[in-house]
Every structure is written in C-alpha cells, then in structure tokens.
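Single-letter residue listing:
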Amino acid sequence: MSLLYNCAPPAAAGHAASTSRRAKSRYPAIDIHCHVFTPVAAALTKDHFKPEYDPYSFFNNAASKEVDAKQAQAIGPKLTSVEERLKVMDRDGIDIQAISTAPIQYYYWAEPELGLATSRHINQNIASICAGHPERFVGLATVPMQSPELAVRELTRAVKELGLKGVEICPHVENEELSADRFRPFWAKAEELGALVFLHPHGFPDGRRLASHFFSNIIGNPLDTTLAVHHLIFGGVLESHPGLNIVLAHGGGYLPSYAGRIDHAHGARPDARSVIRKKPSSYLKKFYFDTIVFTHHQLEYLAGLYGSDHILLGTDYPFDMALPNPVGFVAGAPHLSDKDKALILGGNAARLLGIKLPAKKKRA
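Definitions and cut-offs
Residues numbered from 1 in each chain as written. Predicted model: local features only at pLDDT ≥ 70, side-chain atom pairs only at ≥ 80, totals over all residues. Heavy atoms only, no water. Helix = DSSP H or I, 4+ residues; strand = E, 2+ residues; numbered from the N terminus. Buried < 20%, exposed > 50% of the residue type's maximum accessible area, 1.4 Å probe, protein only. Lys, Arg positive; Asp, Glu negative; His and termini not counted. Salt bridge = Lys/Arg side-chain N within 4 Å of Asp/Glu carboxyl O. Contact = heavy atoms within 4.5 Å. Axes fitted to C-alpha atoms, helices over the stretch in contact; angles between N-to-C directions. Parallel < 35°, antiparallel > 145°, perpendicular 65-115°, else oblique. Nonpolar A, V, L, I, M, F, W, Y, C, P; charged D, E, K, R; others polar. Core = buried A, V, L, I, M, F, W, Y, C linked by side-chain atoms within 4.5 Å.

### A look at the side chain of Asp 263
- Tracing the chain through its elements places Asp 263 in helix α12 (residues 260-268).
- Although Asp 263 is buried, it forms no salt bridge, and the closest oppositely charged side chain is Lys 279 at an N-O distance of 4.9 Å.
- Ignoring any residue separated from it by four or fewer positions in sequence, one finds Asp 263 in contact with Lys 279, Pro 280 and Ser 281.

Structure representation (structure tokens):
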C-alpha cells in the first residue's frame, strides 16, 4: 500500500523558487482542505491490506504508480512533521489549517473494530497537533463508516472529548452510497453535533477506464464526489437533515457546473422525484465548495451562482494536485469583491468551524 493518495504539481517544486513573491492577502486565511498521515494507524492495518482495497492505486497504470512512489518520498515529512507544515503555512499566508487525514487512511475496507482502532489513533494524532498549536490548527475527525454505529460513537467522542470540529468522509463506503438507510444515524449525529462534514474522494471505485494519464485522480476524484452529491440530494439526505454543513472538495466535482440537467430530469420524469419534491438544485445550494478549481473563471462562477458565502479556501496540502499559490489565487480573482475574498479566504470557514477569525492582517 502506497503512503499516498495523490491529491500539489511535484510541480509545486516548480513554484518553490518564487515563494517569496507569492501573493499574500490582508485577510485571514483558513485552509479547509489539508491532510496529515498517521504512521501508527498504517502499522495497524499493514498485515490486513490487499491491493484491491485501494481502488485509487489499484487501477493506476505503471507510469502513475511510479510518479506516486517518488512523491511519497518527497512529501512524507510534510504529512507528518508539524514543523514542515508550519513553514509552508507561513510561506503561503495560511493562518489556520483544518487538518484531516490523508484519504488513504479511511480504512473502510477493514473489519469494524480495526477501523475503529485506526480512527481513534488518527483522531488522537490530529487532536495532539491541534493542542500543540491551538492558534494554527483545528481538526476534522475520521470515523469507521463501514459500521455506522461505531462511526456515530467515534464522531461523538472526537467532537465532545477531543474538541475536533467536524469529520472527513469518502463519497462512498466500499461502493455503498452515503444515502443508504444504514448511514442515516451518522447524518443525524453530524447534524445534532453541528459538525462540519468534509466530503473528500479517494479515486473512483471502478477505475478500469481511468488507469492511464492519471485519470484516476483528474477525472475519478471529482466524478466520485459528483455521484455522491446526486445520491445525497435525490436520496433525501439534505431534505431530512437541513442543518447539515457539507463541504465538497475540488470545487464540488462536476455537478455545480451542470445543475440544470438534474432540475430538468426532476420535472420530466416521475422516477427522478420519488423521494424529493423540491428542485434538486435547491438542495445543491446548501452545499459548500472549496477553491481547488484552478481557474478564476470557475471560482467566480461558483461564487456567483452559489454565493461567496458558500466557498472556502482549500490547498490540498501537501499533494501534487494542489493550488501552488492558494491565497494569491483567491486574492487575484478579478471579479470578486473584497467582501467576497474575505469570506472565501477565512470568514466562511471560521463560521462553519465555530472558531474565532484571526485578527485582520495589515496591508503590506
């Protein structure tokens, strides 16, 4: 099992020489999309893992696996070292990270008790990082979704005992949709606790057509999120739990740019409105989206259609599909107002995480 899920471009190395010229912002910046790795949890699962348990790397061709292996060596310290993490945060103008596990460590394939054990170790690691630097980090938990009962128990412990602010989950649980009845107690508990839910993919479950050209990530990641969001909407999860705050990685996948199709289908076909009665797009507008979309056009489109109060800064630290200059990307968007930028860079995340926004920065 590779350390990695390739979710910044070794290309980030190409931008490293210009780090002193990276655009900074006078507004506080909170990163909702950044990862950590917990070695002790990996050690627990080592003897139980099979390659087919990790569809992301299992379907990748040899060229992608080679790149991933090199990246694992290059960024390993950034996933585990707080000191390395703080250096990059200071360089990039990130005031606070909302840290969550690297998706390779979801471990939904494990037996429930093993999944619970790994989740507890990961959550304790995240909580310890936050406790060591409470002004720089807040944490998002992981939970054993293969057992909703244990997931509810661990989410409750993570929020109430460890002080974590939410939870990161995969868009599916071993090919089972998150809208399935057995996951409803999880959604109810997340709503009850006011826990932010960060939906982050790990490749696509059936990646046979995505093996080459790094399509497992380029297409597979946003595709898995897209499918999950359809199920959450059409399956009635958002209708049953209107208080949920769900943040979607990678700009929400493909659906936010093609929402007219779901509304048309809902009106044209009775089988597309068997559960929900309102337009599907009305539920889509309840989601939140990170900024990892790579073009100002797409960022501004999301802000214009769904509201700048529904967009959160994300970096994808420290992987090679991250924005090289995340704060500068938002600050440089030509058609966003200062108010929009302040919300996207930190205001929205502070509100959803229930934390105090850091002091406003002075102009350089």
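Still to come is the rest of the account.
### Brief notes about the packing of helix α4 (residues 62-80) against helix α5 (residues 82-92)
- Direction vectors running N to C along α4 and α5 enclose 95°, while the axes themselves pass 5 Å from each other. Taken together, the axes of α4 and α5 are roughly perpendicular relative to one another. Facing Pro 77, Lys 78, Leu 79 and Thr 80 of α4, the residues of α5 in contact are Val 82, Glu 84 and Arg 85.
- Residue composition of the contact of α4 with α5, by class: three nonpolar, one polar and three charged.

### A short note on the nonpolar core
- Among the nonpolar cores identified, the biggest contains 88 residues, and Met 145, Ile 169, Phe 186, Trp 187, Ile 246 and Phe 287 are the most heavily contacted of them.
- In terms of residue count, the dominant contributor to this core is helix α6 (residues 112-132) (six residues).
- Those residues within four positions of Ile 246 in sequence are excluded, and the remaining contacts are Trp 187, Val 197, Leu 199, Leu 232, Leu 238, Phe 287 and Tyr 288.
- In this structure, Ile 30, Ala 98, Tyr 288 and Ile 355 belong to the second largest nonpolar core, which totals 17 residues.

### Quick look at the side chain of Arg 157
- Relative to the helices and strands, Arg 157 resides in helix α7 (residues 148-160).
- Taking the relative accessible area as the measure of exposure, Arg 157 reaches 11% and is therefore buried.
- Beyond its immediate sequence surroundings of up to four residues, Arg 157 is in contact with Arg 120, Asn 123, Gln 124 and Leu 162.

### As for helix α8 (residues 184-193)
- Those residues of α8 that sit buried are Arg 184, Phe 186, Trp 187, Lys 189, Ala 190 and Leu 193.
- The elements touched by buried residues of α8 are α7, β4 (166-169), β7 (196-199), α10 (220-234), α11 (237-240) and β8 (246-248).
- Once α8 finishes, Gly 194 follows within two positions and takes phi at roughly 70°, a positive value.

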